Amino acid sequence: MSASLFDERTPSVRWGDPSLLDHLQRVRRPWNRLTRRIVCGILATVAPEDTGSAIVEIGAGDGQLREWLPSACLPNLTHSEPSEPFLQRLRQRFPEAHAIHAKATSLPFETASVAAVLGLCVFDSLPDLPTVRDELRCVLRQNGVVVHFLDLATNPDCLFPELIAHGEIPLTNFARDPALLAVLSDGQKALLPVTKDFDEILAIDGRAFAKYVTMLESAGHPLVQQLGAYRGLDPYRLAQEYMTVSADPAKLLATNKALLSLTLSARSLGRDWPIRSISTRDHLRAQLTSTFTKVHGFQIVYAGPVSAWETDATIPEGCPMLLRHAGQTRALKEILPLPGQPIEQWAGVPTVLPSTGPIRACTVEVFVAQSSPLAPREGGEGRPTGRH
Ligand SMILES: C[S@@+](CC[C@H](N)C(=O)[O-])C[C@H]1O[C@@H](n2cnc3c(N)ncnc32)[C@H](O)[C@@H]1O
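Every chain is numbered independently, its residues counted from 1 as its sequence is written. Under the rules for a predicted model, residues below a pLDDT of 70 receive no local features and side-chain atom pairs below 80 are neither given nor counted, while totals for whole chains, interfaces and linings still include all residues.

Q: Mind showing me how you'd approach the overall build of the chain here?
A: Within the chain, the regular secondary structure consists of 15 helices and 13 strands. For the radius of gyration, the atom set is restricted to C-alpha positions; the globular benchmark scales as 2.2 Å times the number of residues to the power 0.38. For 388 residues, the compact-globule estimate of 2.2 N^0.38 gives 21 Å, and the C-alpha radius of gyration of the chain, at 23 Å, lies within 12% of that figure. Partly exposed residues are those falling between the two cut-offs: more than 12 but fewer than 20 other C-beta atoms within 10 Å of their own, whereas 20 or more means buried and 12 or fewer means exposed, with C-beta atoms placed from the backbone. When burial is assessed residue by residue, the chain has 36% of its 388 residues classed as buried. Any two residues are considered in contact once their C-beta atoms, placed from the backbone, lie within 7 Å. Partitioning the contacts of the chain with sequence separation of at least 6, the portion at a separation of at least 24 is 76%. Under the DSSP-based scheme used, a helix requires at least four consecutive residues in state H or I and a strand at least two consecutive residues in state E, with every element numbered from the N terminus.

Q: Hey, could you run me through the domain arrangement of the chain in this one?
A: All domain edges in this entry derive from an automatic or database-based domain assignment. Taken domain by domain, the chain comprises domain 1 (10-152 + 282-306 + 363-371) and domain 2 (159-199 + 201-278). Distance from the C-alpha centre of domain 1 to the C-alpha centre of domain 2: 35 Å.

Q: Can you walk me through the site of the ligand in this structure?
A: Residues are counted as near a molecule or strand when the C-beta atom, derived from backbone positions, lies within 6 Å of that molecule or strand. Around the ligand there are 21 residues in total, and Trp15, Gly59, Gly61, Ala104 and Cys121 lie nearest to it. Each residue belonging to the shell around the ligand can be placed in one class, and the counts come to twelve nonpolar, seven polar and two charged. Three classes are used: nonpolar for Ala, Val, Leu, Ile, Met, Phe, Trp, Tyr, Cys and Pro, charged for Asp, Glu, Lys and Arg, and polar for all others, with Gly counted as polar.

Q: Just checking my understanding: could you explain the packing of helix α12 (residues 235-246) against helix α13 (residues 249-268) for this structure?
A: Pairs of packed helices are described in terms of their axes, by the angle between the two and the distance that separates them. Running from amino to carboxyl end, α12 crosses α13 at an angle of 125°, the nearest separation of the two axes being 7 Å. When the axes of α12 and α13 are compared, the pair comes out oblique. The residues of α13 that touch α12, namely those facing Thr244, Val245 and Ser246, are Lys251, Leu252 and Thr255. Axis definition: a line fit to C-alpha positions, over the contact stretch in the case of helices; interaxial angles, taken between N-to-C directions, run 0 to 180 degrees. Every angle not falling under 35 degrees, over 145, or within 65 to 115 is termed oblique; those three ranges are roughly parallel, roughly antiparallel and roughly perpendicular.

Q: What am I meant to see in the sheet that holds strand β6 (residues 168-172) here?
A: Across a sheet, paired strands are connected by hydrogen bonds in the backbone, their directions being either parallel or antiparallel. The strand order β6-β7-β8 describes an open sheet built from three strands, whose pairing is antiparallel. Each having just a single partner strand, β6 and β8 (275-278) make up the two edges of the open sheet. Neighbour to neighbour, the strand axes of the sheet diverge by 30° on average, direction disregarded. Here, any two strands with at least 2 DSSP bridges between them count as paired. As judged from the four bridges shared by strand β7 (residues 201-205) and β8, these two strands associate in the antiparallel manner. Bridge pairing in β8 places alanine 203 opposite arginine 276.

Q: Could you clarify how one ought to interpret the pairing of strand β4 (residues 114-120) in this entry?
A: Regular strands have side chains that alternate between both faces of the sheet. Among the seven residues in β4, seven count as buried, and that is most of the element. By convention, orient the strands away from the viewer: a clockwise path from the first strand over the helix to the second makes the crossover right-handed. With helix α6 (residues 129-139) bridging β4 and the parallel strand β5 (residues 140-150), this β-α-β connection has right-handed handedness.

As structure tokens, then:
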């Protein structure tokens, strides 16, 4: 296994550069009002203000979540963050905030002393979710809540090693690239893997991929050059390439084109080409719901997208709906039903989308679990949680 994006040194390298946080702020800015409405609406329902009990944020970065929280939470809130440069940035931005240096696996709070643990875009970056879960269960009081928001694209750092361990390689989802689909015949489309809208990843069997690429390479086929770094066979490097390519629209189009040609040629030759489509959000949701279980002292309150919308006269004509969902922004040609549960429903108010635009809408992936008495394991006692 090569030194990679995913090795032991990753966290300090990955979370050491505050310019990443500037980038996140820029991406979030147009959606701030809607995201804030979702965050406040969820917290008003699942963590109503009470008598000054402690609230802890994990992986706080530079304090983005603080800007969206109801002001009544702030006096009881402690931000925790393991990256020193990020923590410094948070303290500069919010000198009045209480912020500490801590990992989510080791929180300096008394057992059963915390009313709510909050996180924004953190659970997808934690390689050891079960240890984090046990730590949160330990510091949370009875009926305390864990509330996680994911408003950006899911970080695949934890998913990729999992795929690679299963012998798969992550590819960009070329089968959903509208520019490429537009020029395909129905026969070619039939050779594509089945994918859902907003699925970001196609995972292909690494051996089948390597075998075919090696064969083309030894035949001097020009397609191999077009694959760029994807012609390499080290799965970790290929996963890194996914990240580089996804962040650059020109590279993404060129890579998608090459991967599409590769798939069409492999499948039209009848080669074994096992490929499946993955939504990183669905994957994270499944991982969280299978981690925060009754046996571990949690009951899931909600896991899924929550949506909000507003009218916006600044959206250019011809686009009645600008939608941000699963980390992607789309200018739609008609008003479509919103993915996920509208935030108004959380307050028991019906929501009706207008029939004409322009509107701006977004979703945030929300996960809420409440600490509950430990359920006994089948055939045994419930496992006592506590610090290791
Ligand atoms: C994508 S950033 C999100 C930052 C911030 N919450 C936001 O959304 O702007 C992920 C954060 O998780 C933090 N993190 C990484 N490993 C962690 C761990 N073991 N415990 C707690 N936080 C961690 C990183 O330092 C980083 O601040």
